[in-house]
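# Fold and contact review
Take a look at the letters that make up each chain.
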Amino acid sequence: MKIIFVEPNLKIMSGHFFETTKSLVAYCVERQTNLQVGFVCNYSADEKILEYFPYIKPLYRMSCFERGKTDIAMDDIRKIITTFDLSEHDAIVFTTAHLREIRAVKKISKKSKIPKFVLQLHQYYPPLPDACMISDASINGKLENRYQKAMRGINQKKISIVVTPVALLATKIAKITGHRPKMFPVPFSAHTPFSNKKKNLFATNIGFFGDGRKEKGLLDFLRLVKIITKKYNNAKRYHFIVNVQNPRGFAKKETFEIGELLKDMGQDGSIEIIWGHLDTDEYHHQLYKCSLAILLHHPRHYSIRLSGIAVECGMMGVPVLVHKGTSMAKWVKEGRLFGAIMRSNRSSDIIRAITELGKATDSTKNKTKLNELSVQWTEEYSAKSYIDKYLLPLLSHE
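What this report covers is the structure whose coordinates are included nearby.

## Re the sheet that holds strand S4 (residues 91-97)
Reading across the sheet, the seven strands line up as S3-S2-S1-S4-S5-S6-S7 and stay open at both edges, with parallel pairing between neighbours. Pairing within the sheet leaves two strands with one partner each, and these edge strands are strand S3 (57-60) and strand S7 (182-183). Relative to strand S5 (residues 116-121), S4 runs parallel, the two being bridged by five bridges. Bridged to Ile 92 within S5 is Phe 117. Across the sheet, helix H4 (residues 99-108) is in contact with S3, S4, S5 and strand S6 (159-163); its angle to S5 comes to roughly 170 degrees. Most of the contacts of helix H6 (residues 167-177) go to S6, to which it runs at about 135 degrees, and overall it touches S5, S6 and S7.

This is the structure in structure tokens:
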């Protein structure tokens, strides 16, 4: 059996698109069985990607949410089938996919001697010009129709739609389309284990990382930092690490506010601003040195969406502070992710939560718990788990 992994969004050596491919490549080399694998990235991948993965082929022209016709995706998939000489005994796995990929493989799968397809959806909503548009009834209605049309008549013997391990995402898609997708973890590369983590005795390092979309909570975090530094940080007890990556999805006045906040914070020694995408090693280094991560992901978006940063915090033993109503809050409540759930957005309540979480993390019992959870997250979100526990059983084994 041949399995070809396609990551449409892989262009640079940063983010979970890179992490997923990196972990899959490493495990497939280590596995050394009769399973043949190949890898495909975006046509626009930079030279560093092609150097890092010398056998990867840049055959896919559009990232998942890039504007373009389904016919282009179909042409690229046909080229992948031809390039790797695939048959009905083989499989193409889209590690990230959305509606265009579903439409494309549905049409291609009508022909005989076509490989099986596995497509993993990470989110229900495409990126919106303004994150608040998620509440627009008209937009939701149109999107429901697009899902229904894309999934209608799909050949489930040839095409498997899977989602990230967020039950509400699977339930929403099932309710709209009548097709309930299986839940797959997203493979991440191994990180420094929690057992080696050392506490910063001089300050509480509080981090914000990830893409700059509004629903990730960048503006909320910057507002919070401004309040904390003015009211509670006379002794410089708190040190903030803010990664700013292409802020978008904001109204014009919000974009202006972000600019003004960052301008003021650039003069504060207790705030470290990191601009742009971080390469994977630097990102892990910055996240790992955090005492905790504040994940102000908007509940309306993240009740049905996985947070890759939350997964990595789990793997690295970084406690999290999260909004109630998110998938991360559910993990915290179930004891699967170490952290606390914010009861309100009041700065005094958040400071109290930060203090309490810091004290809880210091206890021997909870350090043991963090270590145990770190091992569990690392195992479940590994390429080994993804391939051996989820993918191959779905494809009826090797």
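Continuing now.
## Here we look at the packing of aromatic side chains
On inspection of all chains with the given rule, the structure shows 14 aromatic pairs. Arranged with centres 5.8 Å apart and planes meeting at 80 degrees, the rings of Phe 209 and Tyr 283 form a pair that is edge-to-face. Of this pair, Phe 209 sits in the loop between strand S8 (204-208) and helix H7 (218-231) while Tyr 283 sits in helix H9 (residues 280-288), placing them 74 residues apart in sequence. Here Phe 209 falls in the buried class, since its relative accessible area comes to 3%. Each member of the aromatic cluster is reached from another via a ring pair, and the members are Phe 18, Tyr 52 and Phe 53.

## Side note on H6
Within H6 the residues assigned to the buried category are Leu 169, Ala 170, Ile 173, Ala 174 and Ile 176. On its buried face, H6 sits against S5, helix H5 (137-151), S6 and S7. Looking one or two residues beyond H6, the residue adopting positive phi is Gly 178, at roughly 80 degrees.

## Section: the nonpolar core
Among the nonpolar cores identified, the biggest contains 108 residues, and Ile 77, Ile 92, Phe 94 and Phe 117 are the most heavily contacted of them. When residues in this core are grouped by element, the largest group, seven residues, is from H7. Excluding its chain neighbours within four sequence positions, the residues that come into contact with Ile 77 are Tyr 60, Ile 92, Phe 94, Ala 104, Val 105, Ile 108 and Phe 117. Residues Leu 10, Val 162, Tyr 386 and Tyr 390 belong to the second largest nonpolar core, which totals 27 residues.

## Quick look at the sheet that holds strand S12 (residues 320-323)
As summarised here, the arrangement of the six strands in space is S10-S9-S8-S11-S12-S13, forming an open sheet in which the pairing is parallel. Strand pairing shows two members of the sheet lacking a second neighbour, strand S10 (271-275) and strand S13 (339-342), which therefore form its edges. Strand-to-strand twist across the sheet, computed as the mean angle between neighbouring axes with direction ignored, equals 20 degrees. Pairing analysis gives five bridges linking strand S9 (residues 238-244) to S10, with the strands arranged parallel. Paired with Phe 240 across the strands is Ile 271, a residue of S10. Across the sheet, helix H13 (residues 347-362) is in contact with S8, S9, strand S11 (292-295), S12 and S13; its angle to S12 comes to roughly 145 degrees.

Quick notes on the rules
Counting starts from 1 at the beginning of each chain's written sequence and moves along it residue by residue. In keeping with the predicted nature of the model, local features appear solely for residues at pLDDT of at least 70, side-chain atom pairs appear and are counted solely at 80 or more, and the whole-chain, interface and lining totals rest on all residues. Side-chain measures were taken over the full set of non-hydrogen atoms in the model, leaving aside hydrogen atoms and water. Following DSSP output, two strands are said to pair if at least two bridges run between them. Per the convention used, a helix needs a DSSP run of H or I reaching at least four residues, while a strand needs a run of E reaching at least two, with both numbered from the N terminus. The criterion used for residue contact is that any of the two residues' heavy atoms lie within 4.5 Å. Convention adopted: a line fitted to C-alpha atoms gives each axis, helices being fitted over their contacting stretch, and angles between N-to-C directions are expressed from 0 to 180 degrees. Pairing of aromatic side chains requires ring centres within 6.5 Å, counting the rings of Phe and Tyr and the six-membered ring of Trp. Pairs whose planes differ by under 30 degrees are stacked, by over 60 edge-to-face, and all others tilted. Partly exposed residues are those whose accessible area sits between 20% and 50% of the maximum for their type, while under 20% is buried and over 50% is exposed, using a 1.4 Å probe and protein chains only. As used in this record, nonpolar core signifies buried Ala, Val, Leu, Ile, Met, Phe, Trp, Tyr and Cys residues forming a set joined through side-chain atoms within 4.5 Å.

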